[in-house]
Amino acid sequence: MKIYGHDKQLQIIREAAANERLAHAYLFYGMEGIGKRLVALEIARSLLCPVSAPFACGECPSCKKALHGNHPDIFLFALQEAQSIKIDDIRMLQEKAVLRPFEASKKIFIVDNAEAMTREAANALLKTLEEPPPSSIFFLITSRYHLLPSTVLSRCQKIGFTPLAKDVLTSLLVEENGCAHETALTIAALAGGGVSLAKNMLEGDIMTRRASLQGALRGLLLEREKGVFDFVKVLAGNDKQETQKNLSIIESVCRDVVLFQLFGKTADIINRDWLELVEEMARLFSPLAFVNITREIEGASGALRFNVNRNLLLETICHKIIGAWEW
Ligand SMILES: [Zn+2]
């Protein structure tokens, strides 16, 4: 299993294993959708490999079982959104934790979305963490660290995860999703290092959406008032979620224009394939105008959560854009 990024986090645990200083419980925290669970699974596989622990050989029966998700000593507890981890779930886990490992020297328990534990569940788990069974290691994973009780947090060694670097996410999208390099580069930048977000963007056919947005934005700049209708139509998309995504693309373009005005053509520009349009907009508007437009877009994104008239909201943004130009 190839892990993209997170080298430091992997190294911390491998070093601890090599020095026989593994903690009984780890807390992996950081932004959602960046690969924390994958790292925990890879670590589980590595720690249990009888051939080359703390690295997975990838060839032995233990490594193969772990890869296929059927190793009897690796327990993954993962939830769908909007559910909670109940006390019975934790009890089931505790019953398994007190037994000796079936095949390996250790048992690994991975609890994803640990913040979804009810208070009773967290208290039950706390007892296990206070008196950990000798051969069990727990990995709690969360993107909402602050929702976990401090008593649980204090029993875990905390390891923070950061979004992937742009070049690492670009390679992932090229190698795993067969994405063209230029497209991958743009999506990696738009997703801010979030793997799930980038993959969602790919599935949502973001490049087609961007192309329509680019056309409509050009129309708006060229025809002003006459271009408003088409721009609003494209920006609105089919539903609120699409509007939200489209607004964040326009926001990223505004950010690029300001960057261009300040530093010229820099590597930090997200929409590199729109450079011509970015340059044109940089000529037409003042940096202050973009600060204002960005603020409007942020306001609109927030307002979308409520029951507002989407078209009216978007028309206002269009007029702000046109108005800012004249100003
Ligand atoms: Zn192995």
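Note that the structure is predicted; figures quoted are calculated from it, not measured. (Residues numbered from 1 in each chain as written. Predicted model: local features only at pLDDT ≥ 70, side-chain atom pairs only at ≥ 80, totals over all residues.)

Chemist: What should I look at first to understand the overall build of the protein chain in this one?
Modeler: In terms of helices and strands, the protein chain carries 15 helices and five strands. Counting the 327 residues in the protein chain, one finds 36% classified as buried. A fraction of 70% describes how many contacts in the protein chain between residues 6 or more apart in sequence connect residues 24 or more apart. (Helix = DSSP H or I, 4+ residues; strand = E, 2+ residues; numbered from the N terminus. Buried ≥ 20, exposed ≤ 12 C-beta atoms within 10 Å, placed from the backbone. Contact = placed C-beta atoms within 7 Å.)

Chemist: Got a minute to help me understand the domain arrangement of the protein chain in this structure?
Modeler: By a frequent convention, interface size equals the accessible area lost on bringing the separate parts together. When its domains are assigned, the protein chain resolves into domain 1 (7-162) and domain 2 (204-326). Computed from C-alpha coordinates alone, the two centres of domain 1 and domain 2 are separated by 43 Å. (Domains from an automatic or database assignment.)

Chemist: Please clarify how the sheet that holds strand β4 (residues 136-142) should be interpreted in this entry.
Modeler: Note: strands within a sheet are paired through backbone hydrogen bonds, in either parallel or antiparallel orientation. With respect to topology, five strands assemble into an open sheet ordered β2-β3-β4-β1-β5, the strand pairing being parallel. Only two strands of the sheet have a single neighbouring strand rather than two, namely β2 (74-77) and β5 (157-161). Each neighbouring strand pair of the sheet contributes to a mean axis angle of 15 degrees, computed without reference to strand direction. Here five bridges tie strand β1 (residues 25-30) to β5, and the two strands are oriented parallel to one another. Directly across from Y29, in β5, lies its bridge partner G160. Each of β1, β2, β3 (107-111), β4 and β5 is contacted by helix α2 (residues 36-48), which is oriented at about 175 degrees to β3, the strand it contacts most. (Pairing = 2+ DSSP bridges. Axes fitted to C-alpha atoms, helices over the stretch in contact; angles between N-to-C directions.)

Chemist: Honestly, the nonpolar core in this entry has me stumped. Any pointers?
Modeler: If you look at the biggest cluster of nonpolar residues, it comprises 50 residues, and the most contacted ones within it are L169, L173, I187, A188, A198, F231 and V257. No other element matches helix α12 (residues 240-263), which puts nine residues into this core. The next biggest cluster of nonpolar side chains, apart from the first, holds 39 residues, and it includes A25, I108, A114 and I141. (Core = buried A, V, L, I, M, F, W, Y, C linked by C-beta atoms within 7 Å.)

Chemist: What am I meant to see in the packing of α12 against helix α13 (residues 275-284) here?
Modeler: Working note: a packed helix pair is described by the angle between its axes plus the distance between those axes. At a minimum axis separation of 9 Å, α12 and α13 run at an interaxial angle of 70 degrees. On the basis of the axis angle, α12 is roughly perpendicular to α13. Read as a crossing pair, α12 and α13 show a hand that is right-handed. Contacts from V253, D256, V257, F260 and Q261 of α12 reach α13 at V278, E279, M281 and A282. When grouped by side-chain class, the residues that make up the contact of α12 with α13 number six nonpolar, one polar and two charged. (Parallel < 35°, antiparallel > 145°, perpendicular 65-115°, else oblique. Left-handed = near helix turned anticlockwise from the far one by under 90°. Nonpolar A, V, L, I, M, F, W, Y, C, P; charged D, E, K, R; others polar.)

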